[in-house]
Amino acid sequence: MNLERYSRQIAFERIGISGQNALKGSTIGIIGCGALGTNILDSIARSGVGKIIICDSDIIELSNLQRQKLFTENDIGRSKSKTAEQIIKNINSQVEIKSFDMRVDKNNFFRIYGNCDLLLDATDNFETRFMINEECLLHNIPWIFSGITSSSGQSAFIYPPKTSCLKCFLNSDTIPETLPNTVRNGIISTIASAISSISVTKAIKYLIRKEIDQEIIYMDIWTFDFKKFFVPSNPRCGVCSSLHKGRNTK
Amino acid sequence: MKITVEFVGAINTGSYEKKQDFEIEEKTTVENFLKTLDHFHESHIPYIQVLCNGKRCAHTKKLKSGDYLELMLMVGGG
């Protein structure tokens, strides 16, 4: 490990050399390579994690460039995951990165992300997030839920039984098509970097000392509203109330 | 009875002031109050997080006079 590269991070007393070593020994999974994913990738790679696994089936479009910070005009038409992999290798050649140009689902989830110490959600739909919630519970993988639209976003660390699961606080069997989305409601690029920064900070704190921020953070970057709140586990949760019984957490 | 409601972030689509007082019936639950609001579809309600007097509460909570609610809609873009 090139200590000069990380000298300023090591000088941050809350990380130090032991934290830097912990990051080096970590494997991070990131699902999605859009606004959240590219911001998360950039930060987490620069911080010096050992290995990153990234998955996305999309190709880069012109409208992505407003907020998907890794990509440039020359990348339009190319695979998001493969392009991100190449860019990250140029940013930090010490990071091992593996990319999958595919959509993650229940059938391939464990094969792709089964060895991750932590998963960072950077998807763009609740259906996939509910799947991540169940698969992470099943395979005992902690994950960080992130979401953004217009000027709002939230970040939540999910690792039952230490935290609630996603279904504990989003207890719905339906995903309404009328929920706000970036096509209909738009998005300002700064919320992507803001929520990504919060989620990456949560990730680093967990990776270096297993510290879990149990509060959900919700913010609006236009009004500068910032809220933190704790959601207790739902003892009648249809997803986590039975799955986490008797499990040893990491 | 009167409660005060703050609409935070994506839920604040303009139908109401960002912070507004509402007159409601005694023992109204959070869920029933949310159903009276007109700037989101009822199907969005499970995605709304509610803080009551600074603490996250379930939608089954019965409201009291003077309660201060903060409403936040979880968003799913990425």
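For the structure itself, look to the data block above.
Residues numbered from 1 in each chain as written. Chains lettered and ligands numbered in written order. Predicted model: local features only at pLDDT ≥ 70, side-chain atom pairs only at ≥ 80, totals over all residues.

Undergrad: Kindly report on the sheet that holds strand β5 (residues 143-149) of chain A, identifying the contributing residues and their values.
TA: Residues and elements named next belong to chain A. Here we have eight strands laid out as an open sheet, ordered β3-β2-β1-β4-β5-β6-β7-β8, and mixed in their pairing. Looking along the sheet, the strands with just one partner apiece sit at the ends: β3 (96-100) and β8 (225-230). For this sheet, the mean inter-axis angle between neighbouring strands, taken without regard to orientation, is 15°. Two strands pair when backbone bridges link them, and strand β4 (residues 118-121) and β5 are joined in this way by two bridges, in the parallel orientation. Looking at β5, one finds that Leu120 is bridged to Ile144. Sitting on the sheet, helix α6 (residues 126-138) touches β1 (27-31), β4, β5 and β6 (152-158), and the angle it makes with β4 is about 170°. Each of β1, β4, β5, β6 and β7 (215-220) is contacted by helix α9 (residues 189-209), which is oriented at about 15° to β6, the strand it contacts most. (Pairing = 2+ DSSP bridges. Helix = DSSP H or I, 4+ residues; strand = E, 2+ residues; numbered from the N terminus. Axes fitted to C-alpha atoms, helices over the stretch in contact; angles between N-to-C directions. Contact = placed C-beta atoms within 7 Å.)

Undergrad: So what's going on with the nonpolar core? Residues and values would help.
TA: Residues and elements named next belong to chain A. Membership of the largest hydrophobic core comes to 87 residues, with the highest contact counts inside it found for Leu41, Ile52, Leu119 and Ala203. The element that contributes the greatest number of residues to this core is α9, accounting for ten residues. When residues no more than four places from it in sequence are discounted, the contact partners of Leu119 are Gly29, Ile31, Tyr113, Ile132, Cys136, Ile141 and Trp143. (Core = buried A, V, L, I, M, F, W, Y, C linked by C-beta atoms within 7 Å. Buried ≥ 20, exposed ≤ 12 C-beta atoms within 10 Å, placed from the backbone.)

Undergrad: Give me the lowdown on the packing of helix α3 (residues 35-47) of chain A against helix α4 (residues 80-91) of chain A, citing residues and values where you can.
TA: Residues and elements named next belong to chain A. The contact between α3 and α4 brings their axes to 10 Å, and the two run at 30°. By the criterion of interaxial angle, the relationship of α3 to α4 is roughly parallel. Seen along the crossing, α3 lies across α4 with a hand that is right-handed. Here Thr38, Leu41, Ala45 and Arg46 of α3 come into contact with α4, specifically with Ala84, Ile88 and Ile91. A per-class count over the contact of α3 with α4 returns five nonpolar, one polar and one charged. (Parallel < 35°, antiparallel > 145°, perpendicular 65-115°, else oblique. Left-handed = near helix turned anticlockwise from the far one by under 90°. Nonpolar A, V, L, I, M, F, W, Y, C, P; charged D, E, K, R; others polar.)

Undergrad: Help me get a handle on the sheet that holds strand β5 (residues 68-73) of chain B, residues and values and all.
TA: All names here are of chain B. If you walk across this open sheet you meet the five strands as β2-β1-β5-β3-β4, and the pairing is mixed. Each of the sheet's edge strands pairs with one partner strand only, and the pair in question is β2 (19-23) and β4 (55-57). Put simply, the sheet's adjacent strands are angled 35° from each other on average, direction ignored. Here five bridges tie strand β3 (residues 48-52) to β5, and the two strands are oriented antiparallel to one another.

Undergrad: Break down unusual backbone geometry for me, with residues and values.
TA: Of all residues except glycine, most have a negative phi; of all peptide bonds, most are trans. All names here are of chain A. Omega for the peptide link from Pro160 to Pro161 comes to 5°, which places this bond in the cis form. Mapped onto the elements of the fold, Pro161 is located in the loop between β6 and α7 (166-169). A positive phi angle, near 55°, is found at Lys210, a position not held by glycine. In this fold, Lys210 is placed in the loop between α9 and β7.

Undergrad: Tell me what's going on with the environment of Glu6(B), and back it up with residues and numbers.
TA: Residues and elements named next belong to chain B. Residue position: Glu6 is located in strand β1 (residues 2-8). Looking at Glu6, the number of C-beta atoms within 10 Å reads 19, which means it is partly exposed. A sequence separation of 43 residues divides Glu6 from Gln49, and the C-alpha atoms of the two residues are 12 Å apart. Every residue in contact with Glu6, bar those within four places of it in the chain, is listed here: Lys18, Lys19, Leu69 and Glu70.

Undergrad: Describe the packing of α3(A) against α9(A), listing the residues and the values that go with them.
TA: Each pair of packed helices can be described by the angle between their axes along with the distance between the axes. All names here are of chain A. Close contact between α3 and α9 brings their axes to 9 Å; oriented N to C, the two are set at 45°. With respect to their mutual orientation, α3 and α9 come out oblique. As α3 runs across α9, the sense of the crossing is right-handed. Where α3 approaches α9, its residues Ala35, Leu36, Asn39, Ile40, Ser43, Ile44 and Ser47 are matched on the opposing element by Ala192, Ser193, Ile195, Ser196, Ser197, Ser199, Val200, Ala203 and Ile204. Within the contact of α3 with α9, the residues separate by chemical class into nine nonpolar, seven polar and no charged.

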